[in-house]
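Chain by chain, the residues run as shown.
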Amino acid sequence: MKCLIVFGLIVALFGAFVGYGYVVFTDLTKPLPKPEFKDDTYWGPGDAKDFVPDDKIYEFKLQVPQSEIDDLRKELNRTLRLTDPLDGIAFEYGFNTYALAQFVDYWRDKYLTKWDERQELFNSFKQYKTEIQGLNIHYIHEKVSEEVQETKHVYPLLLLHGWPGSVREFFDFIPMLTKHSNITDYAFEVVAPSLVGYGWSDAATRPGFNAAEMATVLRNLMLRLGHKKFFIQGGDWGSIIGSNLATLYPENVIGYHSNMCVLHSPLAILKGIYGSFYPEKYLPNRFFVDHHFPVWDKWLELLQESGYFHIQATKPDTIGAALTSSPVGLASYILEKFQTCTNPGLQQDFGAIVTVFGLETVLDNLMVYYLTNSATTAARFYLENVSKAYRDLQLDRVQSPVPMGCARFRFDLPSVTDWQLRDKFPNLTHSMYFQQGSHFAALEMPAMLFNDFTAFVAKIGLHGEVRK
């Protein structure tokens, strides 16, 4: 009799445990409602009650004083106090100091001597500034010609960069989107802003400016320009911001295309672990398994390459002070990211950056951070996006009805599968795998990104309906 009672208790406890586990699992994995979100928070200097809004749009032209270029040349001319790399080591310990010395020599002796030419390239794009929520936002705004309007379907496009990138990433990509010469039926009125705290856009003056707030400012920028509905394309932070915008303001988004398709909801993580045991079951082709699996190896790679993330997400002002006070330090820190974002076969090659991106291109991007003194304010964005206030929004668990397109480049950060992505974007309408390319797709292979983006657009109607 006692055995039966004990057995009954064990069964009851097991049932209670299973039931409780089911409740917890359901609670952690169910979609959440869209949170209420304030769309006019003031982020500028001083008190909001003293702020006088200015909705005018001002032309912007890059005009760097020669004295600033001369000062940089003097900084780069100082004797470098670099430690030699270990014997037999290329870039395994960070950016190789022999390579860094060569970059510094080229930057000082060749690149800066033709700064007028580089500045002219920046100014070849129409640029503006306007105040949004107390912040002066810088953006490229390239419209299409009358000929293009007459022969192609033209859509507004919000084009978003990340870190350590800038609008410079899009200099080859934008003409493909706007010109008559592109071979598709589509063209785009491109708005490519410098993110808040990046480039020539103001930084927030108080804590709390996370990706949801960034999405709100950039959505309000598009409304300022008269675009109530628009496409979004982004990678890196641009992907996170685009996802947040499509979640909080789906009524404004025709379609959202990402070249960094990540999702960190509890359900997505569990699916990733489960999928690692049956990888081919959830992929369109067995050749794409190594984009996602083994999941443990992918997490280890992220851990190995995310040291910068932990620094910037905890003490951004510390690393910012080091970077803003030393152009050589800034170069080492940013160039290392570009070196890593080539591909595994080139990461230890001294010519990888030149081969994949081009020397002038990465120095142009570096100059954006140097000239705008934005290393600190850009790094702070990491801390804001791991804060409790942002985590409590749980936007990865809020579904968006917006049509979504995903382009996965082989050597980018590990993306999620369609099986995971549909938990967030049930209207996933386009999914593509590329067996080449890395993190800076618009910079490395703009034509491939253009083809994929326009293939996505071709599946979407003007109002966001999927074309059958």
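Structure: above.
Reading guide: rules and limits
- Residues numbered from 1 in each chain as written.
- Predicted model: local features only at pLDDT ≥ 70, side-chain atom pairs only at ≥ 80, totals over all residues.
- Heavy atoms only, no water.
- Core = buried A, V, L, I, M, F, W, Y, C linked by side-chain atoms within 4.5 Å.
- Buried < 20%, exposed > 50% of the residue type's maximum accessible area, 1.4 Å probe, protein only.
- Contact = heavy atoms within 4.5 Å.
- Helix = DSSP H or I, 4+ residues; strand = E, 2+ residues; numbered from the N terminus.
- Expected span 1.5 Å × (residues − 1).
- Phe/Tyr/Trp six-rings, centres within 6.5 Å; stacked < 30°, edge-to-face > 60°.
- Lys NZ or Arg CZ within 6 Å of the ring centre and 35° of its normal.

Caption draft 1: Up close: the nonpolar core. Membership of the largest hydrophobic core comes to 125 residues, with the highest contact counts inside it found for Trp107 and Ile241. Setting aside anything within four residues of it in sequence, one finds Trp107 in contact with Leu72, Leu76, Leu112, Pro327, Ala331, Leu363, Leu366 and Met367. Counting 6 residues, the second largest nonpolar core, distinct from the first, contains Leu283, Phe288, Phe293 and Val295.

Caption draft 2: Highlighting helix α8 (residues 237–248). In this model, α8 (12 residues) spans 16 Å end to end at C-alpha, consistent with the 16 Å of a helix rising 1.5 Å per residue. Along α8, 11 of the 12 residues are buried, which leaves the element largely enclosed by surrounding structure. Taken together, the buried positions of α8 are occupied by Trp237, Gly238, Ser239, Ile241, Gly242, Ser243, Asn244, Leu245, Ala246, Thr247 and Leu248.

Caption draft 3: Region of the structure containing the packing of aromatic side chains. Scanning the entire structure with this criterion turns up 37 aromatic pairs. Here Tyr111 and Trp115 contribute two aromatic rings whose centre-to-centre distance is 6.2 Å and whose plane-to-plane angle is 50°, an arrangement assigned as tilted. By the burial criterion, Tyr111 is buried, and Trp115 matches it. With a centroid separation of 6.4 Å and 75° between ring planes, the pair formed by Tyr308 and Phe309 is classed as edge-to-face. For Phe309, a relative accessible area of 29% corresponds to the partly exposed category. Linked through ring pairs, Phe60, Tyr111, Trp115, Phe122, Phe125, Phe171 and Trp200 together constitute an aromatic cluster. Sitting over the ring of Phe425, Lys424 keeps its end group 5.7 Å from the ring centre.

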